[in-house]
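Secondary and tertiary structure notes
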Amino acid sequence: MALNLSETQVLDNIQILLEDIQNEFVKICNLVKGDIALILDPELSLPLSLCVDPPLLKKCRVTKLYELKDQDFQTTITKLFFYLKPRLEMMSLVADYIRSQEKVSSSCEIFIVFVPRRSMICEKELEKLGVLGAASLIEFQMDLLPLDGDILTLPNLSFTRELIDNDTSQLLNIAKSLIKFQVFFGKFQTIDWIGEYSGIVSDILQKTITSSFSKKMENSKVDQLIIFDRRVDLLSPLVTQLTYEGLIDEIHGLQNGNVLLNPEVLGQRGNKKIRIPLNSTDPIYSLIRDKNMSTMGEFLKRTIKNIAEKYGSRTSAKTLGELKDFVKMLPPLQKKHHSLGTHLSIYQDLVRITGGGSVLKKRIEIELGMLADGEKHFDYLKELIYREEDINIVLRLLCIQSIVIGGLKNKQFDFFRREIVHTYGFEHVVTLTNLEKLGLLKKKEGGNTFNSLRKNLKLFDDNFFKTNDISLVHSGYAPLSIRLIQKLFDNKNGWKSIDDLIKNNLGTNYGSIELVPKEKKSQNSKIQNFTKKLCLVFFIGGVTYAEISALRILSQRENSNVEFIIATTNMLNGNQLIRTSFPEKEK
Amino acid sequence: MSTYSASWDLLHNIKYYKQEIYRLEETELSQLELSGFLYAGSKNGGPIAFMVDYTKAVKQTSMILSNRIYVFSSSGKLLGEIDTKDCGKVVDIGWDKEDRLICVSLDSIIHIFSMFGDELHSITVSKTSKMTSMVNLCKIWDTGVAILNEAGDILVADLFKKKSPALYKTIPFEKDIYDMDIIPAQFSNSRQPEVLLCSSTGELITCVDFESSVEYAIEPVVKLSLSPSGKILAYFTKNGKLVVTTLKHDQILLQFDTKGSCPTKLVWCGTDSILCYWEKKNLLLMIGPNDTYVQYQYGDTICLVPEIDGIRIISNQTCEFLSRVPDVIESIFEIGSDSPGAMLFEANQCFEQMDSRADKIIRVIKSDLSQAIKDCLIAAISEFDLERQNLLIKAANLGKTYLREFDHGYFAEKIKEIRILNQIRVYLVGIPMTYNEYKKIGIRNLIKKLLNHRNHLLAYEITRYLKLGSDKVLERWACDKIRYSERQADEDENIHDQIMKKIKQTKSKVSYVKIATVARDAGRKKLAIKLIIHDPRSSNQVPLLISMNKIEMALDEAINSRDDDLIYLVLFHLLNELKSLSITEKDLFSKLKNREKAIELLILYWKKNNDEKHLQMLLEGLERHRDIAALNIEKVLESDKIDFKTNTLKRASGKFEQDKNVFYKQMCEQQSKLIMVQHELELKKKRSIDFFGKSVNETISLLLQNRDQKTAYKIKKQFKVSDKRYWWIVISTYAKNRMWENLSLFAESKNSPIGYEPFVRVCLNQLSKKEAARYIPRIKNMKKRVDFYIQLEMFRQASDVAGQLKDDNILKQIQEAKEISKKLKKKQYK
């Protein structure tokens, strides 16, 4: 079962994060009187819609909503709020607009709201464009937002391109969002970090914790923070996700907890895509999201039987009391019934796509072969290229191949790169160099580090049905990221027990900080022995749905005494990861 | 004690008394010939400034210089001397509420000094920046200065807000203005200072702002004075009458004919009486309602400093305080008083003389004892005379021993207040603040005042005594220490150590950036740097370090903070210097050397700003060939001009070569070649085919579509396309374009290097079962053949092949597939 946070204390509070952001929005609107026009950075439309809904807009007297794009628009409203990411390229658009608006009406009140924080370069640019004086600059700290009961995201900032550019400018914002989190939920007692970026964030956190924390924050609701730098494990996102939720993401693409489906998937007609919200409030979905596709059929059958039986109890109900009980049961039952119908349709469609003889099935077999014992599938890879398969798929598999065998031999390396450039175009020289920068694609040098990782961390285990191991999320491959996190709980010495592995094979660093003195912690833990420890895992650079499922599985194991809340800069899957390495124009 | 009240004066029904605060005979102040000076005293027991009055020719001792202002404490101590020779002719002096000396010069410039003579800043008061006018009249009050200049403009400057002086209404030339006063903002209806003027033509004008004013026609007035409450106005008419009215002139409160000439000073004594002082006669007249007055005759010139509850009178001999007798003092010391306070005081007198009546008296007032104790305490605070104060405290203490339930906290609090007031009144400090004033300004402003007087130690002791937190005091001490200590080369280290020692000793939290800024402004860069590194916040450190041109330090601190904006702050400073040619690119790059993060950000900034020149320069300097190559490739992708593309590719390939990256070098060369080939092809084909931006595969495919197999093959050779890939391109192209005949011919042309399965697949992709079936027999793997036949529902052929394989399982499989297919078909028909 999915971690049901409505039963824990944290969920009630998680809404605070949203409310706080909404209050902040209202406050900004109240800077002026009268009707307001919002002009949004297109990249902010979606994040903003996560926290500001139409009734709230109405309450705040927002009567017009525009996106700031190249085309000009005119409005008679004189109170203008530009919500912008601090992106340099937006500044000239704003400046143009302000100037044209000033011609129309001189009594405009213009605010430039930077999300989440102001930036020196943008201010400099506005100054250069001569409009710095015409607008008031403010900040809107749209930080961590709940995406689901146990998932928080930083919707205003994506952190994938940064991985390639080695751009660390967002790390301060990440740290600040975690500081704000602690204002609401109290100080973390310990921080475990892995990877360079995590180290930086942890460093900033430690500095602020010692300098400016109030008494109110003494009462920790979240015991532990784990900061995970995506660059420690870029392999796992490339591997095809095989949980129900993960597969929906791979095939249809999940966006902010919604999926857009073609009507025929749901057995309907028409050509307009249908939006289906997928989150823990859906009674069936919360039960099946983390399940491996191969066990779903059985599970769904059982559930159908169960519901049918409950409906059947109508006929056996004789007394008035029994009938009353039945009626009471109806609304939740109907909700389940409806949800079950939807998921059956989606499931059947997924079975068709991944079933026997399908291209996808073959690909997954190859992929698992590579991961299980470093099989080489160069012919298959060649064929994919010759068939001019989707480049995302080609590169995903090629990168996995490169990682599991510790890099490609010189001849192979040049061969595949050339075939890709010749087939998919010269622009992919950029893609390839970026993948090399990330270490996803490389020439064979030295030994195969993946082998020892696989052995020591048991990255492959196809006995997952019996052991209920996290490897079920990829039908055999256990995500390296989550195996590492698991080590923190399975071994008393945590990452110290695999010091050599982390430092030499992963080539990265880690650390652990105790923020609450030991004696104090032991006092707290006396009470906490009855409840599970709560742990926030922050992924810098994104996390996959499969990884989240793996964390949920971890917390549901019998001997587990920990529950996870997942925070991430953004959700990620293999195609998205590959696409970030594309040249700007191709995205 | 009866003699005490005997010296009190009665004005109408109110009692007044003069208390001697300091004797000044032996002090520096006693040396001045007061009659020759212009003077101004600061409120709340603040200092008094003296300046030689040009209009009077009074001989001074040779010590006194005419272009100097001398500042004394009320206890006669010389605090500072101010050289005014740079200020031009000073027409008036005064004090603001923070005990800063305000000098107004004839050319409308306000100079602001500390009481110790350091010039802090100056304000030019003029209508326009070009035109300045001479000062005609001016008025200085505790937050501002009003000037009426010779052009008739009234300008009001606020000393505490950073804004240019406000222009009020202009007064016509023909009106001669005799005197001016101010209704401070806290009392005015408009919530900003209003200016009161009296003219020779008999009008009283209130200027509210630039547009509005109110005029009352009365008689010609020569002197004006607004009461400390801001509600009542006193004026002196040309023919010797003193009039007191409400500000609206709807009620005349007092009228008194002095039969005298215009007084030297017209000031309020508290809020209940007016003082007229004629310097020539050394006569001070206190005037109350109903024609009552008290006359004080002095032997020599006196100076008057109005306070909210009385007036300080300074002569060469004494500093006195003239005020109403406070009610508690009156009730205790009035002859024959039987108030509880008086009885308790009496009881204590008896007690001191071991007279048993003490006990009896206290028993008589037992029910009022609490009030009596309070009265004695308040009386003690109001007293300047320490002996009398002591007796009053003792009386209160005696009363307390009889009244256990008396609020001990209250008692302790009052004693604390007495101790503090006594401490600031001692001769060395010389701030004779009254209890009323203390209550009005509060303890925090008192501490501030002490700091303005540079009594840091006393301020520190008081904050410690009252447990108020002494961080700010220490901070101010450190600032003053830097500002005012002697400048010597090796002093920096010393001062730094002294300051740090004190801060550590007292465990204070001070703002290092503030102290360091003071050091910088004092020209002590080294000291400033030493201090700023103690500040825990980088956002404080970086700007200050930049302002001192400590760029490398600022950079390191900014990088350390992980705040990109701080790094940009330093970078922008450097870029501005680059722009203004203060530094060269070389200087810039050398400053950034080994500071990776700053370099990254600069690269990012220049990239976003398309500053190619600088970007190339920087990357070249750093020998980052791969980045330059990447940059060039980006440009190639953005451009659609062939020449530009090929040239840029050449540069990119060169850079890859420098980076020893042979593969990408080749790719660039190939791409360049491809572009040229494509261009030639387009010309040859008369632009009927668009090759622009196409990959090698696509180019071949396009040619095949156009049935130019020969050129296609040429390109295959040219770009060393493998046979396998070439075959795939060919069959996919033919299938996609349904060129079945070509496909068939091609299949026959040679033995396929990729087998024949792909042939089947490309046909199936086009849903052409017929064409697909054609190639199945050529597939080597028999099992595959069966699978394809089943897929195409050619069950007979499938069975044939299966028969050759002699595998029952496969036959069974075929049978099953056949049945499923039948069922499906039936369903479809239904």
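First, a word on scope: everything that follows refers to the structure included in this document. Keep in mind it's a predicted model, so treat the numbers as computed, not measured.

1. Looking at the overall build of chain A
What chain A contains, in helices and strands, is 24 helices and 15 strands. Taking 2.2 N^0.38 as the reference for a compact globule, 587 residues should give roughly 25 Å; the C-alpha atoms of chain A span a radius of gyration of 26 Å, in line with that estimate. C-alpha extents for chain A along the principal axes are approximately 80 × 70 × 65 Å. Out of the 587 residues in chain A, the part that is buried amounts to 58%. When contacts within chain A are restricted to residue pairs at least 6 apart in sequence, long-range pairs at least 24 apart make up 76% of them. A total accessible area of about 25,400 Å² is found for chain A, and carbon and sulfur atoms account for 50% of it. A gap of 3 Å separates the mean positions of the 78 positive and 71 negative side-chain charges of chain A.

2. Notes on the interface of chain A and chain B
Listed as interface residues are 38 residues of chain A and, on the opposing side, 35 residues of chain B. Together, the buried faces of chain A and chain B total about 3,500 Å²; carbon and sulfur atoms form 61% of this surface. Where chain A meets chain B, there are 1 salt bridge. Put simply, A:Glu419 and B:Arg725 hold a salt bridge, and the shortest N to O gap is 2.6 Å. Our count for the chain A to chain B interface comes out at 13 residue pairs in polar contact (both at pLDDT 80 or more). Breaking the side of chain A that touches chain B down by element, the ones donating at least two residues are α5 (120-128), α8 (196-211), α14 (378-386), α16 (410-424) and α17 (428-438) of chain A. For the side of chain A that touches chain B, the element with the highest residue contribution is α16(A), accounting for 8 residues. Tallied by class, residues from the side of chain A that touches chain B come to 14 nonpolar, 7 polar and 17 charged.

3. A word on the pairing of strand β6 (residues 145-148) of chain A
All names here are of chain A. Both β6 and strand β7 (residues 151-153) contribute to a ladder of 3 bridges, which runs antiparallel. Bridge assignment links Leu145 to a residue of β7, and that residue is Thr153. Linking β6 to β7, which pair antiparallel, is a turn of 2 residues.

4. Quick look at the pairing of strand β5 (residues 135-139) of chain A
Where strand β4 (residues 109-114) of chain A and β5(A) come together, 5 bridges link them in parallel fashion. Counted as the bridge partner of A:Ile112 is A:Leu137 from β5(A).

5. Here we look at the sheet that holds strand β10 (residues 254-255) of chain A
Residues and elements named next belong to chain A. With antiparallel pairing, the 3 strands of this open sheet are ordered in space as β10-β11-β12. Of all strands in the sheet, those with a lone pairing partner are β10 and β12 (274-277), marking the two edges. Strand direction decides the pairing type here: β10 and strand β11 (residues 258-261), joined by 2 bridges, are antiparallel. Within β11, the residue paired with Gln255 across the bridge is Asn258.

Cut-offs and rules
- Residues numbered from 1 in each chain as written.
- Chains lettered and ligands numbered in written order.
- Predicted model: local features only at pLDDT ≥ 70, side-chain atom pairs only at ≥ 80, totals over all residues.
- Heavy atoms only, no water.
- Helix = DSSP H or I, 4+ residues; strand = E, 2+ residues; numbered from the N terminus.
- Rg over C-alpha atoms; globule rule 2.2 N^0.38 Å.
- Buried < 20%, exposed > 50% of the residue type's maximum accessible area, 1.4 Å probe, protein only.
- Contact = heavy atoms within 4.5 Å.
- Areas by Shrake-Rupley, 256 points an atom, 1.4 Å probe, with all protein chains shown as cover.
- Lys, Arg positive; Asp, Glu negative; His and termini not counted.
- Charge placed at Lys NZ, Arg CZ, Asp CG, Glu CD.
- Buried area = accessible area lost by both parts, 1.4 Å probe.
- Salt bridge = Lys/Arg side-chain N within 4 Å of Asp/Glu carboxyl O.
- Polar contact = N/O pair within 3.5 Å; in protein donor to acceptor, adjacent residues only side chain to side chain.
- Nonpolar A, V, L, I, M, F, W, Y, C, P; charged D, E, K, R; others polar.
- Pairing = 2+ DSSP bridges.

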